[in-house]
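Summary of structural features
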Amino acid sequence: MTVELPPLPDDPLAAELDSFVDEHRLAQRYRELDRAPEFPRSEFLAMGRAGWLGLDRAREDGGRGISLPRAGRLVYRLAFRSGTTFAKLSLQPGFSSVLGDHGSRDLVTQYYRPLVRGEILIGTQLTEPEAGSDLRALSTVAEPTSDGYLLTGSKSEIAFAQDASWAIVYARVPTERSRDGLTALLVRQDQPGVRREVVPDLGEHWMRRGRVHYERVAVSSAFRIGEEGAALRYLLPELDRERALLAMIYLGVARASWDEAVRRVGARRVFDRALADHEAVGFALVEDWAELEATRLYAERTLERLAQGEAVDQDAALSKVLATRVALRTIDHALQFSGGAGYSAELAHEQRWRDVRSGPIAHGSTELLLRTAARRIWRRPARDSDRTGPADSSR
Ligand SMILES: Cc1cc2nc3c(=O)[nH]c(=O)nc-3n(C[C@H](O)[C@H](O)[C@H](O)COP(=O)(O)OP(=O)(O)OC[C@H]3O[C@@H](n4cnc5c(N)ncnc54)[C@H](O)[C@@H]3O)c2cc1C
């Protein structure tokens, strides 16, 4: 049976991206990093040098300066070609936009631009053991001193707990009165008083997530990002962008499984017919296709509206909710219709499923995002901390 697969969304940079993926063996590296987890430093540096980090970030900060919808189509393609790892890494400068957009000139020059060049890794630390969705419960404290702060508290669920050399840490300054007021500090991770531990995960092993504990760690006021108490306000635009871009990544990964499944069920014969001609299989894949495409168009439209400066927090939230749901189901179908081979690690479906399974939790859980959208529909007032849910430094 001949199988004709629909084309991927096109872009003039697609050929350049494909040859980068091939040259650096990113599809193979995606699989290897699952079995032998580590931060892929050399690939990260190569991505920075070739301009694949911070696609939508401004050129003066080292980014490509391309539009958000186009960046979305490119990370979709990168995820299609090589899984979640490198597509998420390409967004890493966007996950640190609070530093890029609100850090002092010195902080941007010394830390943000090197991040966009792939020379250093900066994490984001918001979630705590007792506070994830409800940011009002965050308890890490930055106590003012004569020349800065003493940072005390624990962060949990943190991507790159082991590997980030610096992290944007969100803390409360006790003298700051607002309950929603958080302050962002850029904190070196290999200094006295910082203790890091890795906790094994279901998927995305390369992130080496874990906990980071701070015991009266001195942070100079030169490393405060923007104003005291303003960090959540800085974070909100980042969240909308990253949710819609992550939606494109999850859809790209699922599209890879869908293509492989379509080929396989077209070729495999059972009971004298191609597996695809058994409607329980063929129809399910057809429905997956329609939902993958519909969700992609929704996420792309959201990115277009974001680029035009529209308020799209509801659509960005729902893009991620729908994308993770459709992607997980599509990958699960691909796994199921590949039979016993689908359950084995010889095929990539099981790894993709485990990696994409982080999607409904990280960067605002599905329940939190539905809550964000519901507040818009019924016009309930929202504080900044209601809208956000945690920002994650990778995911
Ligand atoms: C792969 C991965 C990477 C991550 N990286 C980072 C990182 O780098 N930095 C960082 O700070 N955090 C990171 N996180 C943490 C992530 O953002 C949080 O785990 C997430 O926001 C949920 O917070 P929580 O774990 O405290 O769960 P909780 O807030 O305890 O929630 C538990 C469950 O209850 C649900 N829930 C909560 N409130 C409501 C409600 N009002 N109604 C209905 N249901 C509700 C949630 O949706 C969730 O399913 C990462 C997580 C993952 C999985």
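Going by the structure above, here's the rest.
Every residue gets a number counted from 1 within its own chain, in the order that chain's sequence is written. Local features in this predicted model are restricted to residues of pLDDT 70 or higher, and side-chain atom pairs are both shown and tallied only at a pLDDT of 80 or more, whereas totals for entire chains, interfaces and linings draw on every residue.

Once that is clear, we can look at the overall build of the protein. Each helix is a run of H or I in the DSSP string that is no shorter than four residues. Each strand is a run of E no shorter than two, and both are numbered from the N terminus. Within the protein, the regular secondary structure consists of 15 helices and 10 strands. Scaling as 2.2 N^0.38, a compact globule of 395 residues should have a C-alpha radius of gyration of about 21 Å, and the protein matches this with 21 Å. Dimensions of the protein along its principal axes, counting C-alpha atoms only, are 80 × 50 × 35 Å. Residue burial is a threshold on neighbouring C-beta atoms within 10 Å of the residue's own C-beta, all placed from the backbone, with 20 or more meaning buried, 12 or fewer meaning exposed, and counts in between meaning partly exposed. Scored against the burial criterion, the 395 residues of the protein give a buried share of 50%. By the convention adopted here, residues make contact when the C-beta atoms placed from their backbones lie within 7 Å. Pairs at least 24 residues apart make up 76% of the contacts formed inside the protein by residues separated by at least 6 positions. For this measure, only C-alpha atoms enter the radius of gyration; the expected value for a globule follows 2.2 Å times N^0.38, where N is the number of residues.

Take the sheet that holds strand 7 (residues 210–220) next. An order of 2-3-7-6 is seen for the 4 strands of this open sheet, with the pairing classed as antiparallel. Both outer strands of the open sheet, strand 2 (141–144) and strand 6 (194–198), are each paired with one neighbouring strand and no more. The average undirected angle you get between the axes of adjacent strands in this sheet is 10°. With 8 bridges connecting them, strand 3 (residues 148–158) and strand 7 associate as antiparallel partners. In the strand pairing of strand 7, Gly153 is matched with Tyr214. What makes two strands pair is DSSP finding at least two bridges between them. Here the axes come from fitting lines to C-alpha atoms, over the contacting stretch only for helices, and the angles between their N-to-C directions go from 0 to 180 degrees.

Right, let's get into the pairing of strand 3. Across 4 bridges, the pairing between strand 2 and strand 3 is antiparallel. The residue of strand 3 that forms the bridge with Ala142 is Leu151. Adjacent in sequence and paired antiparallel, strand 2 and strand 3 are bridged by 3 residues.

The next subject is the packing of helix 4 (residues 68–82) against helix 10 (residues 279–307). How two helices pack is summed up by the angle between their axes together with the distance between the axes. For the pair helix 4 and helix 10, the least separation of the axes is 7 Å and the interaxial angle reads 145°. In this structure, helix 4 contributes Leu68, Pro69 and Gly72 to the contact, and helix 10 contributes Ala299, Glu300, Leu303, Glu304, Leu306 and Ala307. Looking at side-chain class alone, the contact of helix 4 with helix 10 contains 6 nonpolar, 1 polar and 2 charged residues. For this classification, the nonpolar set comprises Ala, Val, Leu, Ile, Met, Phe, Trp, Tyr, Cys and Pro, the charged set comprises Asp, Glu, Lys and Arg, and every other residue, Gly included, is treated as polar.

Running from amino to carboxyl end, helix 11 (residues 313–337) crosses helix 13 (residues 349–356) at an angle of 160°, the nearest separation of the two axes being 9 Å. Relative to helix 13, the element helix 11 is oriented roughly antiparallel. Regarding helix 11 and helix 13, the two cross each other, and that crossing is left-handed. Along the contact surface, helix 11 presents Thr324, Ala327, Leu328, Ile331, Asp332, Ala334 and Leu335, while helix 13 presents His349, Glu350, Arg352, Trp353 and Val356. Taken together, the residues that form the contact of helix 11 with helix 13 break down as 7 nonpolar, 2 polar and 3 charged. For classification purposes, angles smaller than 35 degrees are called roughly parallel, those larger than 145 roughly antiparallel, those between 65 and 115 roughly perpendicular, and all remaining angles oblique. Handedness of a crossing is defined here by the sense of rotation of the near helix relative to the far one, left-handed for an anticlockwise turn of less than a right angle and right-handed for a clockwise turn.

Here we take up the environment of Arg188. Assignment of secondary structure puts Arg188 in strand 5 (residues 183–188). Owing to 14 C-beta atoms within 10 Å, Arg188 belongs among the partly exposed residues under this scheme. Between the C-alpha atom of Arg188 and that of Asp134, which follows or precedes it by 54 residues, the distance is 26 Å.

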